Every structure is written in C-alpha cells, then in structure tokens.
Amino acid sequence: MKQTLHILEQEGLLDDAACSRIREDEASRLFSVHWHVKTLLYLGVTLVSAGFGLLIYKNIDTIGHLAIVIVIGLLSGGCFFYCIKNSYPFSRLKAASPGIGYDYILLLGCLLFITFLGYLQWQYLIFGFRYGLATFIPACLLLVTAYRFDHLGVLTLGLTLFASWLGLSITPLELLRYNDFSSERIIYTGAMLALIFTAVAWLQHRENFKMNFVFTYIHFAAHLAGISCLAGIFQLNTSIIWIPLLGMAMYALHRYSKHEKSFYLLLVSLFYGYFGAGYLFVKLMSVMPEVIAVYASFALFIGSSMWLIVYLKRTWKSFHRHDII
Amino acid sequence: MTLYNRVKLANLLVLEDVKAWYRRGLVPADQVAAIVNSRQPAYKRSHVLYRIGVFLLTTIILYSSSGILVLILEPLIDDEYKLFLLAGSCIVFGILYHFIRHKDHFKSGVDDALLYNGLFLFITAFQLMFNHLDEDFLLFLVISSLPFILLAAVLFIDRLLSVAAFAGFICLVFLLALKAGDAGKMLLPFLMMAASVAVYFVATSIRKIENSYFWSGCLDHVILCSLAVFYLSGNYYVVREASVVLMNAEIPAGGDIPFAIFFYAFTIIVPLVYIYLGLRKKLYGSLNLGLLFFAASILTIRHYHHMMPFETALLLGGMFLLSAGWWVMHYLRTPKYGITYEEQEDLGETLGLSAEALVIAQSFGPGQVKPQGSTEFGGGEFGGGGAGSKY
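Residues numbered from 1 in each chain as written. Chains lettered and ligands numbered in written order. Predicted model: local features only at pLDDT ≥ 70, side-chain atom pairs only at ≥ 80, totals over all residues. Heavy atoms only, no water.

*Asks:* Sorry, what's going on with the overall build of chain B here?
*Replies:* Looking only at helices and strands, chain B has 14 helices and one strand in total. Counting every position in chain B, which comprises 391 residues, the buried fraction comes to 42%. Counted over contacts in chain B with a minimum sequence separation of 6, partners at least 24 positions apart contribute 64%. Of the accessible surface of chain B, which amounts to about 21000 Å², a share of 69% is contributed by carbon and sulfur atoms. (Helix = DSSP H or I, 4+ residues; strand = E, 2+ residues; numbered from the N terminus. Buried < 20%, exposed > 50% of the residue type's maximum accessible area, 1.4 Å probe, protein only. Contact = heavy atoms within 4.5 Å. Areas by Shrake-Rupley, 256 points an atom, 1.4 Å probe, with all protein chains shown as cover.)

*Asks:* Would you take a moment to explain the packing of aromatic side chains for this structure?
*Replies:* Centre-to-centre distance and the angle between the planes together describe a pair of aromatic rings. Following the criterion strictly, the structure yields 44 aromatic pairs over all chains and no others. Look at Phe162(A) and Trp165(A): their rings are 5.7 Å apart centre to centre, the planes differ by 40°, and that puts the pair in the tilted class. Here Phe162(A) pairs with Trp165(A), and both are found in helix α8 (residues 152-165), just three residues apart, close to one helical turn. With a relative accessible area of 17%, Phe162(A) lands in the buried category. Residues Tyr236(B) and Tyr264(B) carry aromatic rings whose centres are separated by 3.9 Å and whose planes lie at 15° to one another, so their mutual orientation is stacked. Of the two residues, Tyr236(B) is situated in helix α10 (residues 236-247) and Tyr264(B) in helix α11 (residues 260-281); the sequence distance between them amounts to 28 residues. Comparing Tyr236(B) with Tyr264(B), the two get one shared label, buried. (Phe/Tyr/Trp six-rings, centres within 6.5 Å; stacked < 30°, edge-to-face > 60°.)

*Asks:* What is the right way to read the side chain of Thr340(B) from this model?
*Replies:* For Thr340(B), the position within the fold is in strand β1 (residues 339-340). Residues contacting Thr340(B), with those up to four places away along its chain left out, are Leu30(A), Phe31(A), Ser32(A), Val33(A), His34(A), Leu332(B) and Pro335(B).

*Asks:* Mind showing me how you'd approach the side chain of Ser64(B) here?
*Replies:* Counting through the fold element by element, Ser64(B) comes out in helix α3 (residues 48-77). Using a relative accessible area of 6% as the deciding quantity, one classes Ser64(B) as buried. When residues no more than four places from it in sequence are discounted, the contact partners of Ser64(B) are Phe298(A), Phe301(A) and Ile302(A).

*Asks:* Sorry, what's going on with the pattern of salt bridges here?
*Replies:* Pairing is possible between side chains of opposite charge, provided their charged atoms come close. According to the stated counting rule, one finds 12 salt bridges over all chains in the structure shown. Two residues, Arg206(A) and Glu207(A), come together in a salt bridge whose shortest N-O distance is 3.4 Å. Judged by relative accessible area, Arg206(A) falls into the exposed class, the value being 53%. When the shortest N-O distance is used, the salt bridge between Asp158(B) and Lys107(B) registers 3.5 Å. Taken together, the positions of Asp158(B) in the loop between α6 (137-155) and α7 (159-179) and Lys107(B) in the loop between α4 (81-103) and α5 (110-130) put the pair 51 residues apart, joining distant regions of the chain. Residue Asp158(B) is classed as buried on the basis of its relative accessible area of 2%. Taken together, the salt bridges that share partners define one network made up of Asp25(A), Glu26(A), Arg29(A) and Arg24(B). (Salt bridge = Lys/Arg side-chain N within 4 Å of Asp/Glu carboxyl O.)

*Asks:* Which parts of the structure should I look at to understand a positive patch on the surface?
*Replies:* Side chains of Lys313(A), Lys317(A), Lys44(B) and Lys103(B) sit close together on the surface and give a patch of like positive charge. You can see Lys317(A) is positioned in helix α14 (residues 290-319). (Patch = residues over 30% accessible without salt bridge, like charges linked within 9 Å, V, L, I, M, F, W, Y side chains within 5 Å. Lys, Arg positive; Asp, Glu negative; His and termini not counted. Charge placed at Lys NZ, Arg CZ, Asp CG, Glu CD.)

*Asks:* It is not clear to me how a nonpolar patch on the surface should be interpreted in this structure. Could you clarify?
*Replies:* A cluster of nonpolar residues, Val291(A), Val294(A), Tyr295(A), Leu69(B), Leu71(B), Ile72(B), Leu73(B) and Leu76(B), forms a patch on the protein surface that exposes about 710 Å² of accessible area. Listing elements by their share of the nonpolar patch, those giving two or more residues are α14 of chain A together with α3 of chain B. The biggest single contributor to the nonpolar patch is α3(B), with five residues. Mapped onto the elements of the fold, Leu73(B) is located in helix α3.

*Asks:* In this structure, what is going on with the packing of helix α8 (residues 182-208) of chain B against α11(B)? I would like to understand it.
*Replies:* If you want to describe how two helices pack, look at the angle between their axes and the distance between the axes. All names here are of chain B. One can describe the packing of α8 onto α11 by two numbers: an axis separation of 12 Å at closest approach and a directional angle of 35°. Our pair here, α8 against α11, has a crossing hand that is left-handed. In this structure, α8 uses Pro-189, Phe-190 and Met-193 to contact α11, whose residues at the interface are Phe-262, Phe-263 and Phe-266. Residues belonging to the contact of α8 with α11 are distributed by class as follows: six nonpolar, no polar and no charged. (Axes fitted to C-alpha atoms, helices over the stretch in contact; angles between N-to-C directions. Left-handed = near helix turned anticlockwise from the far one by under 90°. Nonpolar A, V, L, I, M, F, W, Y, C, P; charged D, E, K, R; others polar.)

Below, the structure is given as structure tokens:
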C-alpha cells in the first residue's frame with residue numbers, strides 16, 4: 001500500500017488531497033475482532049443451549065416438568081421483552097440493528113420459544129395429535145419476528161420450519177440427505193414451495209418491502225425448483241412434464257440473475273440446466289449406435305464446457321462493464 | 001522467476017490497492033480512471049466462484065479430450081502407457097504455457113486446472129516409471145515430487161502448491177526421522193518443531209527481500225502452516241497418541257509419556273502466545289490459529305482428565321464464551337490499542353445471502369423429517385442448538 005501510494009504520488013496521478021486522505025485512513029485503520037466476537041457469541045449460545053438441554057434431560061425426574069416449562073417460557077419471554085424494549089421502530093426497508101448482542105438475544109429467544117412449545121407438545125400434548133399445528137405456529141411466530149425485528153437468521157429458521165410443516169427439509173445439508181426424492185409427494189411439495197417463495201419474493205420486490213429478504217427467498221426457491229424438477233425428471237413416470245418445467249424455471253432464474261447482476265444465481269441456473277440438458281442428451285444417445293454415442297458424448301462434453309467457459313467470461317464482463325475499476 | 005508477466009502483475013497489484021481506496025471513498029473517480037489508463041496492460045483477477053466453475057469445466061475438457069485421444073491411439077499406446085502419461089503431462093504444460101504467455105490468463109481457473117492436472121499426470125508418470133513398491137515407497141515419492149512441486153509453486157506463484165511443498169517437506173522430515181529408528185521416534189516432536197521453526201525463519205527472511213513481493217501471498221500461507229505444525233507437533237494429545245502408535249508403547253494406567261509436563265505446558269502456552277502476538281502485531285492468521293488451538297488445548301486436557309460431567313462442561317464453557325464475548329465488546333467500546341470490535345470491511349455478505357443465516361438454519365433448524373405415522377410431532381426433532389435430546 002505504502003509503495004503504491006508513493007509511486008502514484010510521484011507520478012502525479014494522485015493529487016495532494018487524495019494522498020493525505022489515504023495516509024490519514026491508513027493511520028487510523030483499526031484491527032477488527034468483530035467476527036471473532038461473533039464466533040465467540042455463537043459458540044457460547046450453542047454450548048449453553050446444548051448444556052442446558054442435556055442438564056434438563058438428565059435431571060428430568062428431580063426437577064419436574066412444570067418447573068422446566070415455566071423456566072424456559074420465562075427465559076424466552078425475557079429475551080423477547082428485552083428485544084421489544086430496545087428495538088428500533090418497524091421499517092419497510094432494511095432496519096439497522098441496535099447492537100450485536102441484540103441479534104443474539106433475539107435468536108436465543110426464538111430458539112427457547114421453539115423448545116418451549118416443543119416441550120409443551122411432547123409432555124402435555126398441547127396440540128393433541130395435530131402435529132402440523134405444532135410446527136406451523138412456531139413457524140408463523142418466527143416469520144413475524146423476523147419481519148418485525150429484521151433478522152435474516154430468524155427468517156431462514158422460520159422458512160425452514162415452514163417448509164418442514166409441508167413435510168420437507170430445506171436446509172443445505174439435509175436437502176439431499178434426508179429427503180426421499182423418489183416420493184412423488186415430496187417432489188410436488190418442493191416445486192410448490194419454490195413457487196410460493198418466488199411469489200413472495202416477487203410481491204416484496206414489487207412493493208419494495210424488506211428487500212434484504214428477497215434474495216433469501218429466491219435462493220431457496222432456486223435450489224428447491226432445481227432439485228425438484230431434476231428429481232421429477234429422473235424418478236417419476238410423469239417425467240415428461242418436468243423437463244419443460246425445469247427449462248422454464250431455470251430460464252426465469254437466468255433472466256432474473258442477469259437483471260439483478262447476481263453471478264451466483266446465474267451459476268445455479270446453469271448448473272441445474274446443464275444437468276437437465278445432459279440427461280436429455282444421454283437419453284438421445286441411448287438409442288444411437290454405440291460408436292456414435294461415445295464420440296458424440298465426448299464431443300458434447302468438450303464442446304459444451306468450452307462454450308460455457310466463454311459464456312461465463314462474457315457474462316461476467318457484462319455484469320461488470322460499468323465498473324470503473 | 002515466474003512465467004507470468006511481471007509488469008502486468010505489478011500493475012494488477014497497484015490497481016487492487018487503488019480499488020480498495022476507491023471503495024472507501026478516498027479517491028475521486030476521475031483520478032481512478034486516469035490511474036487505470038496509466039496502468040495498462042494489467043492482469044485481471046477472477047472472482048473465486050468463476051474460477052472454481054472454470055476450473056471444473058477445464059478439467060472436464062482435459063480428461064474428455066484425453067479420453068478421445070486414448071480411444072483413437074489405443075493400439076499405438078499398448079504397453080507404453082507410462083510414456084504416454086509423461087508425454088500427456090508435457091502437452092498439458094505446453095498448453096498451459098500457451099495460455100499464460102499468449103492468452104493472458106492469470107489465475108482464471110484455466111491455468112489452475114492445467115497446472116494441477118499437468119503436475120498430477122507428471123508425478124504419476126514419474127512414480128510409475130521409477131518407484132518401487134517397497135518399504136521406501138513413500139520416501140521416494142516425497143523426495144522425487146518435492147522439487148517439482150516447489151518449482152511449480154515458484155514458477156506459477158501458486159499458494160496451494162506452496163502449502164503442498166511445505167507439507168512435502170514436513171513429510172520428508174517425518175519419514176527420515178522414522179527411518180532413524182527408535183532414537184528418531186523419540187525425538188520426533190522436537191524434530192518437527194525444529195523443522196517448522198526453520199521454515200518459519202526461512203520464509204520470513206525471504207519475505208523481507210524486495211524481489212519476493214509477488215510471492216508474499218504464498219509465503220504468508222507457508223508461515224501460517226509452519227505455525228500450525230509447530231503447535232501440533234508439541235500438542236500433548238498428538239505426541240501421546242503418536243508415540244503409542246509409532247512405538248507400540250502401551251502407557252500404563254497412571255503412567256505417562258516422557259517429558260509429559262513439557263508437552264502439557266506447551267499445549268497450553270503456545271496458543272496463548274499466538275493470540276497475544278496476533279493482537280500485538282495485528283495479524284489475523286496468528287490470532288485465529290491461537291483461538292483455534294486454545295480450544296484444541298482445552299479439548300486435549302479434557303480428553304485425559306475428566307474434571308466434570310459433560311453437560312456441566314458445556315454450560316460452563318458456553319457461559320465463559322458468552323461472558324468473554326460480552327467483555328470484549330464492553331472493553332472495546334472505545335477502540336483500544338488499535339483494536340475494535342466494529343466491522344471494518346464488508347466481508348460478511350459477499351454473496352448477498354448472509355452465510356451467517358444459512359449456518360443458523362443448519363445448526364438450529366429442524367432436523368430429519370420423519371415419514372408419516374410417526375409418534376413425533378410433525379416437524380421432526382428440534383435441537384436446541386445441537387443438544388440432540390428430545391423434549
């Protein structure tokens with residue numbers, strides 16, 4: 001940095017005002033332990049809730065259910081009380097957070113509330129056998145909390161609970177591991193969920209409401225759509241509909257990613273689209289004589305890879321065409 | 001000594017500094033434009049996502065092409081597959097040279113893929129031709145590959161290969177120590193410590209040389225790795241378990257490895273030193289390693305001395321972390337010693353989706369969804385942050 005400054009100053013490319021600004025900034029730059037503090041707090045919350053849970057589990061006979069429920073409920077209520085008392089007023093746009101600790105207390109409150117409800121349900125069957133309700137109510141609460149207090153983490157939690165209410169796991173690791181995608185119902189649920197999320201995102205975008213949440217919705221919708229359509233193509237007998245569905249979904253995502261200049265979403269659309277197109281190609285090759293199939297497949301891989309590289313490069317440049325540097 | 005164009009590289013580094021200043025609003029746009037104009041031609045650095053995508057695609061192209069080539073040339077190759085591999089690796093390096101010198105690629109994913117695959121093919125061919133499956137197999141592998149990896153790391157200013165070269169060197173020390181018999185095995189921790197210290201000092205001295213500026217990223221990575229290996233070679237758990245495995249020594253109950261006290265002290269003190277140095281010299285690498293190894297040392301001690309039941313340890317540990325975090329925030333309300341807890345650069349939301357949010361959902365979200373007809377309530381298990389117990 002110092003070298004660069006010196007050279008540019010000598011060449012006269014940076015005027016004195018800019019140089020002094022840079023020198024001042026470099027001198028006053030601070031060493032940030034922000035993410036270290038955040039990690040400490042995250043780990044702390046994890047360990048405390050795990051230890052607390054284990055402690056209760058091991059001593060459940062001596063403590064008594066009612067006492068536990070009351071304690072958890074009070075703690076959760078306390079967290080929410082603190083958050084409501086210290087919160088900034090509701091805003092249609094991205095709201096600032098009153099502080100790092102605030103976000104964690106909100107998160108802790110939500111987690112404790114889920115535990116509270118879950119405990120009530122398990123011990124007292126408060127929702128009876130309506131298991132759906134036991135998931136739906138916390139999901140709603142989480143979503144309301146996320147919107148009111150503008151917390152992206154709580155939103156993601158609420159959405160995953162909402163999806164699980166529909167019988168689906170949508171968190172990254174679980175998406176492929178725990179779902180039985182050969183079940184027709186799951187595929188349709190996934191596709192429907194993708195549509196719902198897209199609709200919500202579109203509504204929010206149109207009304208310019210909490211735009212910082214829109215990306216989360218689109219992100220989940222994209223992967224849900226991609227995987228559900230692919231599963232539909234590979235597994236179901238009705239696979240013939242899923243091919244154009246995948247095509248439409250990925251094309252829409254592609255257009256959206258170009259509009260929003262999100263390279264990540266572009267990659268996602270190309271990724272799932274490539275799989276679908278590859279499947280079609282292999283299906284076609286399976287009815288061809290072997291010699292043609294093998295050489296054509298090689299040619300396809302090489303050709304499509306080369307084309308993709310060039311396309312990615314071109315798109316990247318077009319996204320950053322107006323960057324000065 | 002690099003294959004890349006030094007002028008373009010130097011210009012890239014200047015432009016990156018200017019970009020950082022511009023992002024912070026320190027330089028007006030017209031001066032930025034003038035600087036950009038004056039600093040052409042310059043390499044352009046590719047985004048990591050793009051690089052990964054292109055890397056994968058290039059690898060696909062590489063192996064598909066060689067697939068076709070092998071199919072066509074099969075009768076010719078027959079038994080001489082080793083020579084074919086060698087020739088193949090040379091062709092790959094030839095293509096790499098072309099892309100770097102004539103097509104201006106710089107860490108674009110294409111040159112990365114060609115480099116790694118070419119090196120892999122070359123080393124494989126070399127080993128197939130000259131290595132034997134005897135007791136010295138690993139030793140020969142490391143000795144014969146290390147020079148090439150090091151050469152490639154320097155020629156192509158590659159961080160991964162630098163770390164790989166360091167790893168190779170450490171393996172070399174390890175294998176040679178083992179070959180020295182029981183004396184070597186006894187001294188192993190100290191030999192490894194010495195090796196990593198030696199690398200640390202060599203790397204820091206090279207870094208001070210003006211001409212090594214382009215390789216500073218590589219050297220920084222190697223320095224970090226040497227710090228890590230230094231701690232790990234003296235960590236009590238590692239030393240104890242390794243001596244059990246390597247020397248077939250059974251530790252009698254109540255007994256201990258030789259110099260146990262030294263290793264205990266080492267395990268506890270070194271992370272604290274790293275943390276202190278990290279804060280003092282404002283180096284993230286040292287600080288992060290220190291914190292990580294501090295946790296490791298707690299786990300190490302706990303592994304051999306259970307002082308309290310698990311859930312109490314979790315609770316106390318969690319409360320300690322929370323109070324530590326709170327104390328740091330409180331202490332640094334006004335920045336002290338040039339340290340602050342506020343965010344300095346916007347590193348968090350590079351993809352638009354806060355990675356943080358995904359981590360929260362992953363660790364705290366609902367678990368496996370059970371099939372219909374289960375006795376659990378609808379959503380599955382709700383872990384209180386991974387408690388794993390059902391309420």
